[in-house]
Amino acid sequence: MPILPVQLAGFLFERIFQMPKTPATRFADPGLALYDLATYFWVHCPKCDGRATVNNAESNHRLTCTQCHHLEMPGHWHGSATIYVSVKCRECHAPIRKSAAWEQPWTKLKVKCEKCGDECSYEGSVSKSYVHQGLLTDSVYGLPLWLQTNLKEDLFWAFNPDHLELLRQYVAAKHRERGIAPRNTIRKNSALLSRLPAFITKASNREPILKLIDKLLQK
Ligand SMILES: [Zn+2]
Ligand SMILES: [Zn+2]
């Protein structure tokens, strides 16, 4: 049975907010996957650039801005996307391949056959990119995540404050334990934490990252 978003939220709440029970220098991996944390996103509002929230529940992907009260439903992709066509020419059957920046909402791309010169619009497939102008975006609207900043060459980011808090606890801890509790046999190693980029787990980056997280929390 799929886990419902509400149950997930409860699960997250328990896992994250019960953590202070463990000493602050220890971090017990709550066994989460990145997907578990993506229940909502904090993004830059497309109207005022203020902070907006994107709900990521299956039935409701509404965007609401806390600053200008802009409300948006999914439909327009604000990020980058590419449209690909890979067909055989309708006239001479020569293979045709072309890609271009996607101009929404069109799903067709006009292509000229190099062999016979025939011009035709072919149905293409659109591939959305979750990186736009060097920044990571949410997966519903393609808007830049609110909680992101560079540490030298590396991009540090979080979907939302819960995600950021989890990262903060992880980075702050001197000892990191895997698995939630001895009895937990299902999700011992968190995919989220075992796949963190090296710059986050590096001991020498602990202080700079904690400072950076404090800054993000005040943003
Ligand atoms: Zn706004
Ligand atoms: Zn042709």
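Just so we're clear, the structure is a prediction, and the values are computed from it rather than from any experiment.

Draft legend 1. Quick look at the overall build of the protein chain. When you go through the protein chain residue by residue, the secondary structure sums to 6 helices and 15 strands. Burial statistics for the protein chain: of 219 residues in total, 23% are counted as buried.

Draft legend 2. Molecular detail of the packing of helix 3 (residues 161-172) against helix 6 (residues 206-218). Axis separation between helix 3 and helix 6 bottoms out at 10 Å; the angle between their running directions is 155°. Judged by the inter-axis angle, helix 3 sits roughly antiparallel to helix 6. Relative to helix 6, the crossing made by helix 3 is left-handed. Along its contact with helix 3, which presents L164, L167, R168, V171 and A172, the element helix 6 presents R206, I209, L210, I213, L216 and L217. Looking at side-chain class alone, the contact of helix 3 with helix 6 contains 9 nonpolar, no polar and 2 charged residues.

Draft legend 3. View of the environment of N60. Relative to the elements of secondary structure, N60 occurs in the loop between strand 3 (51-55) and strand 4 (63-65). Considering only alpha carbons, one finds N60 and M73, 13 residues apart in sequence, at a separation of 8.7 Å.

Draft legend 4. Structural context of the pairing of strand 7 (residues 95-101). Here strand 6 (residues 81-88) runs beside strand 7; their pairing, made up of 7 bridges, is antiparallel. Following the sheet pairing, S86 is matched in strand 7 by R97.

Draft legend 5. The arrangement of the nonpolar core in detail. Core analysis: the biggest nonpolar cluster contains 29 residues, and F41, V43, V54, L145 and L147 have the highest contact counts within it. Those elements giving two or more residues to this core turn out to be strand 2 (40-44), strand 3, strand 4, strand 14 (154-158), helix 3, helix 4 (191-194) and helix 6. The residues touching L145, leaving out its near neighbours within four places in the chain, are F41, W42, V43, L136, T137, D138, W157 and F159.

Draft legend 6. Structural detail: helix 3. Along its 12 residues, helix 3 runs 16 Å from first to last C-alpha, staying within 8% of the 16 Å computed at 1.5 Å per residue. Within helix 3, the full set of buried residues consists of D162, H163, L164, L166, L167 and V171.

Draft legend 7. Just the sheet that holds strand 3, in detail. Here 4 strands make up an open sheet; going across it, the order is 2-3-4-5 and the pairing antiparallel. Edge positions in the open sheet fall to strand 2 and strand 5 (71-72), since each of these has one partner strand only. Bridging between strand 3 and strand 4 involves 3 bridges; their strand directions are antiparallel. In the strand pairing of strand 4, A52 is matched with C65.

Draft legend 8. A look at the sheet that holds strand 10 (residues 125-128). Strand order in this open sheet of 3 strands is 7-6-10, and the pairing throughout is antiparallel. Where the open sheet ends on each side, the last strands, each with one partner, are strand 7 and strand 10. Averaged over all adjacent pairs, the angle separating strand axes in this sheet is 20°, with direction ignored.

Draft legend 9. Spotlight on helix 6. If you check helix 6, its first and last C-alpha atoms are 19 Å apart, about what 13 residues at 1.5 Å a residue would give, namely 18 Å. Lining the buried residues of helix 6 we find strand 13 (147-151), strand 14, helix 3 and helix 5 (198-201).

Draft legend 10. Expanded view of the pairing of strand 2. Across the 5 residues that make up strand 2, a large majority, 5, are buried. Side chains Y40, W42 and H44 project from strand 2 onto one buried face, and the interleaved F41 and V43 project onto a second face that is buried too. Here strand 2 pairs with strand 3 via 5 bridges, running antiparallel. From the neighbouring strand, W42 faces strand 3, where its bridge partner is T53. Between the end of strand 2 and the start of strand 3, which pair antiparallel, lie 6 residues, with D49 showing a positive phi angle near 70°.

Draft legend 11. Representation of unusual backbone geometry in the model. A cis amide bond, omega 5°, links Q104 with the succeeding residue P105. Relative to the assigned elements, P105 resides in the loop between strand 7 and strand 8 (108-112). With a phi angle near 50°, Q133 is a residue other than glycine that sits in the positive phi range. Structurally, Q133 can be placed in the loop between strand 11 (131-132) and strand 12 (135-136). Residue classification places Q133 among the exposed residues on the basis of 8 C-beta atoms within 10 Å.

Rules and cut-offs
- Residues numbered from 1 in each chain as written.
- Chains lettered and ligands numbered in written order.
- Predicted model: local features only at pLDDT ≥ 70, side-chain atom pairs only at ≥ 80, totals over all residues.
- Helix = DSSP H or I, 4+ residues; strand = E, 2+ residues; numbered from the N terminus.
- Buried ≥ 20, exposed ≤ 12 C-beta atoms within 10 Å, placed from the backbone.
- Axes fitted to C-alpha atoms, helices over the stretch in contact; angles between N-to-C directions.
- Parallel < 35°, antiparallel > 145°, perpendicular 65-115°, else oblique.
- Left-handed = near helix turned anticlockwise from the far one by under 90°.
- Contact = placed C-beta atoms within 7 Å.
- Nonpolar A, V, L, I, M, F, W, Y, C, P; charged D, E, K, R; others polar.
- Pairing = 2+ DSSP bridges.
- Core = buried A, V, L, I, M, F, W, Y, C linked by C-beta atoms within 7 Å.
- Expected span 1.5 Å × (residues − 1).

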